[in-house]
Amino acid sequence: MGKIENFSLVFISIVNFSGNASGIIYKDISKLLLSNAGWFGNNSGTFETFQGTFGLIGKVGGFSEVIGTNIGVDVSSNPIITGDAIMETVLFTGTLTSGQYVKGYSPAVYTGFNFNNKWAVRCAGIPLEADGVAIGDINIDYPVGSGAATTLSGTPVKLAGTTTSSDLFRFTTDGGVNNRLKYVGTKSRYFRVGGSISFQSSSNGAVYIFYIAKNGTPINSSKVYVTSNSPTDIIAMPIVVMVPMATNDYIEVFATRYSGTGNILTISLNLTVN
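Residues numbered from 1 in each chain as written. Predicted model: local features only at pLDDT ≥ 70, side-chain atom pairs only at ≥ 80, totals over all residues. Heavy atoms only, no water.

1. Quick notes on the overall build of the protein chain
Okay, so step 1: Helices and strands together make up the secondary structure of the protein chain, namely zero helices and 21 strands.
Okay, so step 2: Its C-alpha atoms give the protein chain principal-axis dimensions of roughly 80 × 35 × 25 Å.
Okay, so step 3: Of the contacts formed within the protein chain by residues at least 6 apart in sequence, a portion of 69% connects residues at least 24 apart.
Okay, so step 4: Within the structure as shown, the protein chain displays about 11900 Å² of accessible surface, and the carbon and sulfur contribution to it stands at 54%.
Okay, so step 5: Charge-centre separation for the protein chain: the mean point of 17 positive side chains lies 6 Å from the mean point of 16 negative side chains. (Helix = DSSP H or I, 4+ residues; strand = E, 2+ residues; numbered from the N terminus. Contact = heavy atoms within 4.5 Å. Areas by Shrake-Rupley, 256 points an atom, 1.4 Å probe, with all protein chains shown as cover. Lys, Arg positive; Asp, Glu negative; His and termini not counted. Charge placed at Lys NZ, Arg CZ, Asp CG, Glu CD.)

2. What about the side chain of Ser228?
Okay, so step 1: When you line up the elements, Ser228 lands in the loop between β18 (224-227) and β19 (235-245).
Okay, so step 2: When its relative accessible area of 0% is taken as the criterion, Ser228 is described as buried.
Okay, so step 3: Aside from chain neighbours lying at most four places away, what touches Ser228 is Ser201, Ser203, Asn204, Gly205, Ala206, Tyr208 and Ile235. (Buried < 20%, exposed > 50% of the residue type's maximum accessible area, 1.4 Å probe, protein only.)

3. Describing the packing of aromatic side chains
Okay, so step 1: Tallied over the full model, the rule gives 16 aromatic pairs.
Okay, so step 2: Taken together through their ring pairs, the aromatic side chains of Tyr26, Phe50, Phe54, Phe115 and Trp119 make up a single cluster.
Okay, so step 3: Note that Arg180 overlies the ring of Tyr250, its terminal NZ or CZ placed 3.9 Å from the centroid.
Okay, so step 4: Taking NZ or CZ as reference, Arg189 lies 3.9 Å from the ring centre of Phe191, over its face. (Phe/Tyr/Trp six-rings, centres within 6.5 Å; stacked < 30°, edge-to-face > 60°. Lys NZ or Arg CZ within 6 Å of the ring centre and 35° of its normal.)

4. With respect to the environment of Arg180
Okay, so step 1: With respect to the helices, strands and loops of the structure, Arg180 is situated in the loop between β13 (171-172) and β14 (181-183).
Okay, so step 2: Look at Arg180 and you get buried, because its relative accessible area is 14%.
Okay, so step 3: It is 9.9 Å that separates the C-alpha atoms of Arg180 and Gly136, two residues lying 44 residues apart in sequence.
Okay, so step 4: In contact with Arg180, other than residues within four places in its own chain, are Ile138, Lys158, Thr172, Thr173, Asp174, Tyr250, Ile251 and Glu252.
Okay, so step 5: Side-chain polar atoms of Arg180 contact the side chain of Asp174, separated by 2.8 Å. (Polar contact = N/O pair within 3.5 Å; in protein donor to acceptor, adjacent residues only side chain to side chain.)

5. Thoughts on the pattern of salt bridges
Okay, so step 1: Tallied over the entire structure, the rule returns ten salt bridges.
Okay, so step 2: A salt bridge links Asp131 to Arg170; the shortest N-O distance between them is 2.9 Å. With Asp131 in the loop between β8 (119-122) and β9 (135-141) and Arg170 in the loop between β12 (168-169) and β13, this residue pair connects regions lying 39 residues apart in the sequence.
Okay, so step 3: A relative accessible area of 8% places Asp131 in the buried class.
Okay, so step 4: Judged by relative accessible area, which is 1%, Arg170 ranks as buried.
Okay, so step 5: A salt bridge links Asp249 to Lys214, with the nearest nitrogen and oxygen atoms 3.7 Å apart. Of the two residues, Asp249 is situated in the loop between β19 and β20 (250-259) and Lys214 in strand β16 (residues 207-214); the sequence distance between them amounts to 35 residues.
Okay, so step 6: Through salt bridges with shared partners, one network takes in Lys158, Asp174, Arg180, Lys182 and Glu252. (Salt bridge = Lys/Arg side-chain N within 4 Å of Asp/Glu carboxyl O.)

6. Details of the environment of Ser30
Okay, so step 1: Relative to the elements of secondary structure, Ser30 occurs in strand β2 (residues 24-39).
Okay, so step 2: For Ser30, a relative accessible area of 31% corresponds to the partly exposed category.
Okay, so step 3: Sequence separation between Ser30 and Thr217 is 187 residues, and the spatial gap between their C-alpha atoms is 40 Å.

7. Regarding a nonpolar patch on the surface
Okay, so step 1: Taken together, the side chains of Leu9, Phe11, Leu33 and Leu56 make up a nonpolar region of the molecular surface, amounting to roughly 360 Å² of accessible area.
Okay, so step 2: Assignment of secondary structure puts Leu56 in strand β3 (residues 46-65).
Okay, so step 3: Looking at Leu56, the relative accessible area reads 31%, which means it is partly exposed. (Patch = residues over 30% accessible without salt bridge, like charges linked within 9 Å, V, L, I, M, F, W, Y side chains within 5 Å.)

What follows is the structure in C-alpha cells.
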C-alpha cells in the first residue's frame, strides 16, 4: 500500500483490503470517489489518510473494521476541501485499545467531533456531522435583584448582558460577541430559534416588545409584547421564530419600549438555534 497523489480524478469501487501492513494516503486530488471499500480487521496501521487539497471527496458505503491501535481514517493533517466532502453509510466497527475510528482535524474544530464544516458525515460508529444538525445556544444568568440593564426608546436595541454558550456545532459567538449566534455551516437552511427571557421593568405599566434580529434587523414575525405592572414583578416570556440563514448570518435578541416609560433588567436569557 502507498500514496495516490496529484490526480484530477481517482475512482475506487468495490475493493476489499485484507492483511496489509499499512494503508493508502490520498493527497492533492481534484475529485476523489471511494465506493464500497471494505477494510478488514487484519489490516495494520492507518487505513486511509487524506492530505493536501481536494476539490471534492465522496466516500460512500463499505466498512472499516478497526482493531487495537489501528486508525480507520486520518484527517489530522487538516486537508483543505475547496468544494464539498461527504462520507456516508460507512460502517466503523471493531474493538479499540489506543486506536481510533477517525483521527480528526487537529486541533478539533468542535469538541467531540472529527471534521470541519466542509464535510457531511453520516456513518454508523462515529458522530453525525452535517449542516442539517447545526446547533447553537446563548445564555444569560443573573441572581434575582441584579441583571443586565438595557436602556430602551422607541427603536429596537440589542439586549445587554454577558452571554455564555455550552453547545455550539457549526455556530460560533462571532469571536465572543455577547448575545450573538453566527452560523458557519456551508449550506443555507431554515432554523428554529426558540427560548425564554426573564426580566424586570424599572416602571409600572410600560409595554415592551422583544424580537429576534437577523444581521442586526429585527424580524417582525418574532415580535412578542409584554406589559409590566410593577418593578418588583419578574416577567418570563417565550420567543420563537423560523429563520432562513446562510453562511455568516447571525441572530441576536432585541427589545424596544412600545409605550410608557422605563427600562429593563434582564435576569435570564436562554436561546437555542437548531
